[in-house]
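Survey of secondary and tertiary structure
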Amino acid sequence: QVQLVESGGGLVQPGGSLTLSCADSGRTRINYVMGWFRQAPGKEREFVGAVSWSAESTIYADAVKDRFTISRDNDKNMVYLQMNSLKPEDTAVYYCAADRAFIVPDMKKGVMDYWGKGTLVSVSS
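Below, the structure is looked at part by part. (Residues numbered from 1 in each chain as written. Predicted model: local features only at pLDDT ≥ 70, side-chain atom pairs only at ≥ 80, totals over all residues. Heavy atoms only, no water.)

1. Concerning the overall build of the protein
Keep this limit in mind: Runs of E in the DSSP output that reach at least two residues are strands. Runs of H or I that reach at least four are helices, and both are numbered from the N terminus. Here the globule rule is a power law, 2.2 Å times the number of residues to the power 0.38, and the radius of gyration is based on C-alpha atoms. Throughout, exposure labels follow a simple rule: accessible area from a 1.4 Å probe, protein chains only, divided by the maximum for the residue type, with under 20% read as buried, over 50% as exposed, and the rest as partly exposed. In what follows, a contact means two residues having at least one pair of non-hydrogen atoms within 4.5 Å.
Secondary structure assignment for the protein yields one helix and eleven strands. Reading the helices (α) and strands (β) of the protein from amino to carboxyl end gives β-β-β-β-β-β-β-β-β-α-β-β. Expected size for 125 residues packed as a compact globule is a radius of gyration near 14 Å; at 13 Å, the protein falls within 12% of this value. In terms of overall dimensions, the protein has a C-alpha envelope of 40 × 25 × 25 Å along the principal axes. When burial is assessed residue by residue, the protein has 43% of its 125 residues classed as buried. Considering only contacts within the protein whose residues lie at least 6 apart along the sequence, 59% involve residues at least 24 apart.

Here you go:
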C-alpha cells in the first residue's frame, strides 16, 4: 500500500527557494510515476509536474517551468520538488501523488492512484 507523506512546507519570501519532500512510507517499491500538484486558496487543484520511475522523463506546468525541478531517489523512496524564484502566486497546499502509468493528459487532470495529505507553502514578505 502506497502511503505518501509530504514535508518541507513553510513561509518563504518572494524570490526565495524551498524544497518539498515526499516519502512513500509504504515502501511498496513498485514503479510508480510521481507527480506534484497544488491547490491555492479558493482555487481548484492544479498540476505542477511529474517524473517517471526512471527519472528519464519529467514534465512541468508552464507556470513553474524553469523555476521548479522534480527529482527522485528510488533507493530511499523519496521524491523532491525544488522550488526557486518563488512568487506570491505559488502560495498553495502542495500534494504529491503516485500513479502506475505516465499518461500526461490524465496526470494533468489529476487522475492519480494515490495522494498525500499535503504541505502548505506560503510566499509572502
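2. Regarding the nonpolar core
Operational definition: By convention a nonpolar core is built from buried Ala, Val, Leu, Ile, Met, Phe, Trp, Tyr and Cys residues, the set being connected through side-chain atoms within 4.5 Å.
Core analysis: the largest hydrophobic core is formed by 35 residues, its most contacted members being Leu-20, Met-34, Trp-36, Phe-68, Leu-81, Met-83 and Tyr-94. Looking at this core, the elements with two or more residues in it are strand S3 (18-24), strand S4 (33-39), strand S5 (46-51), strand S6 (58-60), strand S7 (68-73), strand S8 (78-83), strand S9 (92-99) and strand S11 (119-123). Broken down by element, the residue count for this core peaks at five residues, all from S9. Setting aside chain neighbours within four positions, we find Met-34 in contact with Leu-4, Cys-22, Gly-49, Ala-50, Val-51, Arg-72, Val-79, Ala-97 and Ala-98.

3. Considering the packing of aromatic side chains
Heads up, the rule is: By convention, a stacked pair of Phe, Tyr or Trp rings (six-membered ring in the case of Trp) has centres within 6.5 Å and planes under 30 degrees apart, an edge-to-face pair has planes over 60 apart, and any other such pair is tilted. Charges are assigned to positions over rings by a cutoff of 6 Å between ring centre and Lys NZ or Arg CZ, combined with an angular limit of 35 degrees from the ring normal.
Summed over all chains, the structure comprises three aromatic pairs. Ring plane angle 85° and centroid distance 5.7 Å describe the contact between Tyr-32 and Tyr-114, whose orientation is recorded as edge-to-face. Here Tyr-32, found in the loop between S3 and S4, pairs with Tyr-114, found in strand S10 (residues 114-115); they are 82 residues apart in sequence, far enough to count as distant. The buried category is assigned to Tyr-32, whose relative accessible area is 4%. Between Phe-37 and Trp-115 the ring centres are 4.8 Å apart and the planes differ by 55°, which places this aromatic pair in the tilted class. You can see Phe-37 sitting in strand S4 and its partner Trp-115 sitting in strand S10, a full 78 residues away along the chain. Judged by its relative accessible area of 1%, Phe-37 falls in the buried class. One aromatic cluster in this structure is built from Phe-37, Phe-47 and Trp-115. The residue whose ring lies beneath Arg-45 is Trp-115, and the NZ or CZ to ring-centre distance is 3.9 Å.

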